[in-house]
Amino acid sequence: MKAVVLAAGKGEGLRPYTEKEQKEAITILGKAVISHVLYGLKKAGIEEVVIVTNEHEKQIQDAINVDIPFETVRQKKPGITGAVLDGMDKIPDDEFLLAFGDIIAEPEFYMNLMNSYITGNSKAVFSLVPVSEGMQTYGLAKIVDNRIEIVNEGSTLALAGAYIIPKGDFTDILEYFKKISPFSRYFIWSGKWIDIGYPEDIINAIEVLLSDLNNSIISDKAEISKTAVIGKKVIIEDNAIVDDYSVVKGPAYIGKNAYIGNYSLIRDYSSIESEAKIGAYCEVAHSLVEPRAEIGSKSYLTYTIVGREAKIGASVITVSYPANPVRGRERKLGALISPNEEIYHGQIIGPNYRK
């Protein structure tokens, strides 16, 4: 079976960040969001993928590090429906797997989808997931008499972003879902699942991905000072440098060729991606620092996302409380700094800041 993966959305909930980088290309723990999807599809037995993209097509192509045959198709028809139709045009079979490229889930999520299709007698299978906040941001469904009913409200079951559906003639994908859902199989996924739509989802994804880490994984090619302190549940990749008297207190991730300066503290579900540089005397908590970003000395980042190649000056402080995240239980959210942006020295940035 072939899959169509959607990676052409505007990423409204992450603007202005997504004006410069497609959200599916955002790197978390050394792997692009879309690569998490493709890895799961490969494990589920998918042999070929059609990825629907927009003007950020090359970003998506460059971000993929999963060994699976794929081709990219530039979206021409409008909206999500148009993206599905553009991808479906490349599918020769009667049924195909449709996946959203901004979902982070365990491979078993996609394997369950395929198993439900193989063991059943339906041409369509829907994945559903329980949600507890931000219900207005999801497509919702109810189970009525053991059948799926697509609804706009009044449910805590969300459409989970991966489906097997028959090819059809439709002008609205949601209406098509409503049409085929009474005759479809479904399964409810209770494992790890994050829809990357808002800044808090990225922060949550780091926590989810690091939550199962039992021991530290430290490359023998990393350069760690004898005076540095490495705590439990820490991943340090090849050629990373952790300089004198720095502390990496897990759970945390330090990517390839990243640099952690003297006396800095990296803690509490932070992900410092490849070639990022953290200056001396910094503290980073609950944050993502994307590839080749630079953080000036004596800065403090919390619940913050720093885009690739952004430059944060010295003595910059991000404040994360009180904030109003759309899909977060905690009222904490710092700054969303877009790729290649600059923050000048000494600034104090309030909650929900975006640049």
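Our subject is the structure that appears above.
Residues numbered from 1 in each chain as written. Predicted model: local features only at pLDDT ≥ 70, side-chain atom pairs only at ≥ 80, totals over all residues. Heavy atoms only, no water.

Notes on the overall build of the chain
Within the chain, the secondary structure is distributed over 6 helices and 35 strands. Judged by the C-alpha coordinates and their principal axes, the chain covers about 60 × 40 × 35 Å. Residues counted as buried form 54% of the 355 residues belonging to the chain. Pairs at least 24 residues apart make up 50% of the contacts formed inside the chain by residues separated by at least 6 positions. With an accessible surface of roughly 15,600 Å², the chain has 47% of that area assigned to carbon and sulfur atoms. Each charge class in the chain was averaged separately, 39 positive and 47 negative side chains, and the resulting centres sit 1 Å apart. (Helix = DSSP H or I, 4+ residues; strand = E, 2+ residues; numbered from the N terminus. Buried < 20%, exposed > 50% of the residue type's maximum accessible area, 1.4 Å probe, protein only. Contact = heavy atoms within 4.5 Å. Areas by Shrake-Rupley, 256 points an atom, 1.4 Å probe, with all protein chains shown as cover. Lys, Arg positive; Asp, Glu negative; His and termini not counted. Charge placed at Lys NZ, Arg CZ, Asp CG, Glu CD.)

Remarks on the pairing of strand 6 (residues 95–100)
For strand 6, the buried fraction is high: 5 of the 6 residues fall into the buried class. Note that strand 1 (residues 2–7) and strand 6 share 4 bridges and pair parallel. Bridge pairing in strand 6 links V4 to L98. (Pairing = 2+ DSSP bridges.)

Quick look at the sheet that holds strand 32 (residues 335–337)
Paired through backbone hydrogen bonds, the strands of a sheet run either parallel or antiparallel to each other. Sheet architecture is open: 8 strands sit in the order 14-17-20-23-26-29-32-35, paired in parallel fashion. Edge positions in the sheet fall to strand 14 (217–218) and strand 35 (353–354), since each has one partner strand and no second. As defined by bridge partners, strand 20 (residues 252–254) adjoins strand 23 (residues 270–272) across 3 bridges and the pair is classed as parallel. Considered in strand 23, the bridge of I254 is made with I272.

A word on the pairing of strand 11 (residues 157–166)
A large share of strand 11 lies buried, amounting to 10 of its 10 residues. Here 5 bridges tie strand 6 to strand 11, and the two strands are oriented antiparallel to one another. From the neighbouring strand, E95 faces strand 11, where its bridge partner is P166. Inspection of the sheet shows strand 8 (residues 125–130) paired to strand 11 by 5 bridges, in the antiparallel sense. Bridging across to strand 11, P130 finds its partner in L157.

A short note on the sheet that holds strand 21 (residues 259–260)
Read from one edge to the other, the open sheet built from 7 strands follows the order 15-18-21-24-27-30-33, with strand pairing classed as parallel. Both outer strands of the open sheet, strand 15 (223–224) and strand 33 (342–343), are each paired with one neighbouring strand and no more. Of the pairings in the sheet, the one linking strand 30 (residues 311–312) to strand 33 comprises 2 bridges and is parallel in character. Pairing of I312 across the sheet is with I343, part of strand 33.

Some remarks on the environment of K226
Within the secondary structure, K226 sits in the loop between strand 15 and strand 16 (229–230). Its relative accessible area of 87% is what places K226 among the exposed residues. The spatial distance from the C-alpha of K226 to the C-alpha of D212 is 28 Å, given a sequence separation of 14 residues.

Regarding unusual backbone geometry
Between R15 and the following residue, P16, the backbone shows a cis peptide bond with an omega angle of 5 degrees. Relative to the elements of secondary structure, P16 occurs in the loop between strand 1 and strand 2 (27–28). Cis geometry is adopted by the peptide bond preceding P251, which originates at G250 and carries an omega value of 0 degrees. Summarising the element assignment, P251 is placed in the loop between strand 19 (247–249) and strand 20.

Let's talk about the pattern of salt bridges
Considering all chains together, one arrives at 17 salt bridges under this definition. For the salt bridge of R308 with E21, the shortest nitrogen-to-oxygen distance reads 2.9 Å. With R308 in the loop between strand 29 (305–306) and strand 30 and E21 in the loop between strand 1 and strand 2, this pair connects stretches of sequence that are 287 residues apart. K58 is the salt-bridge partner of D62, the closest N and O atoms lying 2.7 Å from each other. Within this pair, D62 and its partner K58 are both found in helix 2 (residues 57–63), separated by 4 residues, close to a single helical turn. Residue classification places D62 among the exposed positions, given a relative accessible area of 54%. Among the residues examined, K58 registers a relative accessible area of 55% and is labelled exposed. (Salt bridge = Lys/Arg side-chain N within 4 Å of Asp/Glu carboxyl O.)

Looking at the side chain of S122
As for its placement among the helices and strands, S122 is situated in the loop between helix 4 (107–119) and strand 8. S122 sits in the buried class, given a relative accessible area of 11%. Of the polar contacts made by the side chain of S122, one reaches the backbone oxygen of A124; its length is 3.0 Å. At 3.0 Å, the side chain of S122 and the backbone oxygen of F183 are in polar contact. (Polar contact = N/O pair within 3.5 Å; in protein donor to acceptor, adjacent residues only side chain to side chain.)

Examining the nonpolar core
In terms of nonpolar packing, the biggest core is built from 40 residues, with L38, L41 and W193 touching the most fellow members. Examining the composition of this core, we find that 5 residues originate from one element, helix 4, more than from any other. Excluding residues within four positions of it along the chain, W193 makes contact with I103, I104, A105, F109, V129, V131, Y138, L159 and A160. Counting residues in hydrophobic clusters, the runner-up holds 29 residues, among them A228, V248, I272 and A335. (Core = buried A, V, L, I, M, F, W, Y, C linked by side-chain atoms within 4.5 Å.)

The analysis is restricted to geometry; functional conclusions fall outside its scope.
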